[in-house]
Amino acid sequence: MVKVYIDLGHEGDVKGMDPGAVANGLKEANVVLEIGKYIKDMFAEYENVEIKFSRLGDKNFSLTQRTNEANAWGADLYLSIHINAGGGTGFESYIYPGAGSKTQAFQNAVHAKIISKKVFGKDRGKKQADFHVLRETKMDAMLTENGFIDNKTDAAILKDRKKLIEIAAGHVEGVAEFLGLKKKPDPKPISTPKPDGRMHYVQIGAFSDYDNAEKLAAKAKKAGFDVYIKSE
Ligand SMILES: [Zn+2]
């Protein structure tokens, strides 16, 4: 079983919590939470993978608590999801400066899958930065910045449910490719018998005495069947 820790950036849309970047009627904490919920559903389709989220709601949770939790859990991968701000547009991803080739391969896989969804107008590139969650994690770790909340075009993307689903899919497919995850087998299809062009009646009795027919009909009705008496 492979363990993937998904860190949804910031805390929540509640007083006393860090909402992340705020602009254009959006709060970063809410947007990444919505992406995270789609990610949760999508990972359920894969076998031999266990997912843990830093939060799946509003929660006071510091960066140190996040990295401590992932380290203690023994995560194999750490994926932190954020929305950018500060003037710019497009998608970029980060790993720790000088991270090894395995972490680079992780970044390559996830970055490429997200770009392949063609949600963002610009690929800002694969970058490196000394972020807490990249530095303090013991496993391969990367962080995505999914568009700029303070850019009108990117904000419109982040308000579009279908595009958030695509962004989520990019993350999940990238992780799945990097780890070589396989989808669970499809449930067996239910076979539907072909109609043969005739009608088939269910009959439970035939009587020459009408009263006997009525008695049986009443019994069947009581048992919950729809009943009618057909006289010929
Ligand atoms: Zn952030």
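All values reported here derive from a predicted model rather than from experimental measurement.

## Regarding the domain arrangement of the protein chain
Step number 1: Here the protein chain is partitioned into domain 1 (2–179) and domain 2 (193–232).
Step number 2: Taking only C-alpha atoms, the centre of domain 1 and the centre of domain 2 are 62 Å apart.

## Some points on the sheet that holds strand β5 (residues 77–84)
Step number 1: Strand order in the open sheet formed by six strands is β4-β1-β5-β8-β6-β7, and the pairing between neighbours is mixed. Because the sheet does not close on itself, it has two edges, and the strands there are β4 (49–53) and β7 (123–128). Taking the axes of each pair of neighbouring strands and ignoring which way they run, one obtains an average angle of 20 degrees across the sheet.
Step number 2: Taken together, the five bridges between strand β1 (residues 2–8) and β5 define a ladder with parallel strand orientation. Paired with Ile-6 across the two strands is Leu-79, which belongs to β5.
Step number 3: On top of the sheet, helix α2 (residues 63–73) reaches β1, β4 and β5; it is set at about 175 degrees to β1, its chief contact.

## As for unusual backbone geometry
Step number 1: The phi dihedral of His-10 is positive, around 70 degrees, even though this residue is not glycine.
Step number 2: Position of His-10 relative to the elements: it lies in the loop between β1 and β2 (22–23).

## A short note on the coordination of the zinc ion
Ideal coordination angles are 109.5 degrees for a metal with four donors arranged tetrahedrally and 90 or 180 degrees for a metal with six donors arranged octahedrally.
Step number 1: For the zinc ion, every protein donor is listed as His-10 (NE2), Glu-28 (OE) and His-82 (ND1), and the spread of their distances is 2.1 to 2.2 Å.
Step number 2: In primary sequence terms, the donor set of the zinc ion follows H-x17-E-x53-H. Of this pair, His-10 sits in the loop between β1 and β2 while Glu-28 sits in helix α1 (residues 28–43), and the two are 18 residues apart along the sequence. Each member of the pair, His-10 together with Glu-28, is buried.

## Topic: the packing of aromatic side chains
Centre-to-centre distance and the angle between the planes together describe a pair of aromatic rings.
Step number 1: The tally for this structure, following the rule as stated, stands at six aromatic pairs.
Step number 2: Grouping aromatic residues by their ring pairs yields a cluster made of Tyr-5, Trp-73 and Tyr-78.
Step number 3: Across from the ring centre of Phe-61, 4.0 Å away, lies the NZ or CZ of Lys-59, which sits over that ring.

## Quick notes on the environment of Val-175
Step number 1: Locating Val-175 in the fold gives a position in helix α6 (residues 161–179).
Step number 2: Between the C-alpha atoms of Val-175 and Phe-91, which are 84 residues apart in sequence, the distance is 17 Å.
Step number 3: Excluding anything up to four places from it in sequence, Val-175 contacts Val-4, Phe-43, Leu-77, Leu-79, Phe-106 and Val-110.

## Describing the pairing of strand β8 (residues 140–148)
Step number 1: Extensive coverage of β8 is indicated by the burial of nine of its nine residues.
Step number 2: As defined by bridge partners, β5 adjoins β8 across seven bridges and the pair is classed as parallel. Each residue of the ladder has a partner; that of Ser-80, found in β8, is Leu-143.
Step number 3: As paired strands, strand β6 (residues 91–95) and β8 are joined by four bridges and run antiparallel to one another.

Definitions and limits used
- Residues numbered from 1 in each chain as written.
- Predicted model: local features only at pLDDT ≥ 70, side-chain atom pairs only at ≥ 80, totals over all residues.
- Heavy atoms only, no water.
- Domains from an automatic or database assignment.
- Pairing = 2+ DSSP bridges.
- Helix = DSSP H or I, 4+ residues; strand = E, 2+ residues; numbered from the N terminus.
- Axes fitted to C-alpha atoms, helices over the stretch in contact; angles between N-to-C directions.
- Contact = heavy atoms within 4.5 Å.
- Donors = N, O, S within 2.8 Å, 3.2 Å for Na, K, Ca; no water.
- Buried < 20%, exposed > 50% of the residue type's maximum accessible area, 1.4 Å probe, protein only.
- Phe/Tyr/Trp six-rings, centres within 6.5 Å; stacked < 30°, edge-to-face > 60°.
- Lys NZ or Arg CZ within 6 Å of the ring centre and 35° of its normal.

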